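Fold and geometry: a report
Spelled out from the first residue to the last, the chains are:
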Amino acid sequence: KAGVTQTPRYLIKTRGQQVTLSCSPISGHRSVSWYQQTPGQGLQFLFEYFSETQRNKGNFPGRFSGRQFSNSRSEMNVSTLELGDSALYLCASSLIQGGNTEAFFGQGTRLTVV
Amino acid sequence: GESVGLHLPTLSVQEGDNSIINCAYSNSASDYFIWYKQESGKGPQFIIDIRSNMDKRQGQRVTVLLNKTVKHLSLQIAATQPGDSAVYFCAENEGNTGNQFYFGTGTSLTVIP
């Protein structure tokens, strides 16, 4: 069974640009969550999608958005990039949405904003 | 907000010894916990989980202990190997918040050959 796939693995963007990251969950998994990982803040929850609907949202500005497609694949978008957005963005896949269920991570997308 | 912290940021152990990594959490409503291992350049890898109706769970070479009274979680790794060198995170989930996890700051484990 294939794991969580995130693309691209690496990105370099200029301040002010926007970026879209992609996540394909484990086959059969319907919940996708996104996290930002930085040395200073650690792993922080961005949002969770289930059945194409955002179910939970972390404490991030509106520049961070996402969506989920009918095949459970998800994308996240960051607009008007800032230097502080440089981070490893991780996607986690879970079978169901109700909590108390295993979450499996992808390799992440390393975003560098210059 | 939630607070999930680790007692030690770094841990060094001799190959073959047992390792114990600790984690404290503050949300008494948390009812599901996962330990993850993250190697350099990779995403977090699921190791073992435990629900709040249990106080101990064992896997292959790993044991997780949960003490709800003092809100403490630990990961024990038996016969630590060089391949166990990584950063270990505990993550907590409050079931009614969906799949949103709060992560600790991480402990870097170094295994000395």
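Throughout what follows, the structure given in this document is the object of discussion. This one's a predicted model, so the numbers in the text were calculated from it and none came from an experiment.

**What about the overall build of chain A?**
A tally of helices and strands in chain A yields zero helices and eleven strands. Taken against the 2.2 N^0.38 rule, which gives 13 Å for 114 residues, the C-alpha radius of gyration of chain A at 13 Å falls within 12% of a compact globule. Here the C-alpha coordinates of chain A stretch approximately 35 × 25 × 25 Å along the principal axes. A total of 114 residues make up chain A; the buried ones form 51% of that total. In chain A, 54% of the contacts between residues at least 6 apart in sequence involve partners at least 24 apart.

**Examining the interface of chain B and chain A**
Where the parts come together, the accessible area they lose is often given as the size of the interface. Between chain B and chain A, the residue contacts involve 21 residues of the former and 24 residues of the latter. Both sides together, the interface formed by chain B and chain A hides about 1,700 Å², and carbon and sulfur atoms give 47% of it. Counting the surface chain B buries against chain A, the share from its top three residues, Asn99, Gln100 and Phe103 of chain B, is 33%. When residues in the side of chain B that touches chain A are grouped by element, the largest group, four residues, is from strand E4 (residues 32-38) of chain B. Per-class residue counts for the side of chain B that touches chain A are eight nonpolar, nine polar and four charged.

**What to know about the environment of Ser85 of chain B**
Residue and element names in this part refer to chain B. Note that Ser85 resides in the loop between strand E8 (72-77) and strand E9 (86-93). Linking Ser85 and Val13, residues 72 residues apart in sequence, is a C-alpha distance of 9.6 Å. Not counting residues within four places of it along the chain, the set of residues in contact with Ser85 comprises Glu39, Leu109, Thr110 and Val111. In terms of polar contacts, Ser85 uses its side chain to reach the backbone amide nitrogen of Val111, at 3.0 Å.

**Some thoughts on the packing of aromatic side chains**
Within the structure shown, the criterion is met by 13 aromatic pairs over all chains. On the numbers, 5.6 Å between centres and 70° between planes, the contact of Tyr35 of chain A with Phe45 of chain A is edge-to-face. Of the two residues, Tyr35 of chain A is situated in strand E4 (residues 31-38) and Phe45 of chain A in strand E5 (residues 42-50); the sequence distance between them amounts to ten residues. No difference in accessibility class separates Tyr35 of chain A from Phe45 of chain A, as the two residues are buried. Aromatic pair Tyr36 of chain B and Phe103 of chain B: ring centres 5.7 Å apart, planes at 35°, arrangement tilted. With Tyr36 of chain B in strand E4 and Phe103 of chain B in strand E10 (residues 101-103), this residue pair connects regions lying 67 residues apart in the sequence. Note on Tyr36 of chain B: relative accessible area 0%, which makes it buried. Each residue in the set Tyr35, Phe45, Phe104 and Phe105 of chain A together with Tyr36, Phe46, Phe89 and Phe103 of chain B is aromatic and connected to the rest through ring pairs, giving one cluster.

Analysis parameters
- Residues numbered from 1 in each chain as written.
- Chains lettered and ligands numbered in written order.
- Predicted model: local features only at pLDDT ≥ 70, side-chain atom pairs only at ≥ 80, totals over all residues.
- Heavy atoms only, no water.
- Helix = DSSP H or I, 4+ residues; strand = E, 2+ residues; numbered from the N terminus.
- Rg over C-alpha atoms; globule rule 2.2 N^0.38 Å.
- Buried < 20%, exposed > 50% of the residue type's maximum accessible area, 1.4 Å probe, protein only.
- Contact = heavy atoms within 4.5 Å.
- Buried area = accessible area lost by both parts, 1.4 Å probe.
- Nonpolar A, V, L, I, M, F, W, Y, C, P; charged D, E, K, R; others polar.
- Polar contact = N/O pair within 3.5 Å; in protein donor to acceptor, adjacent residues only side chain to side chain.
- Phe/Tyr/Trp six-rings, centres within 6.5 Å; stacked < 30°, edge-to-face > 60°.

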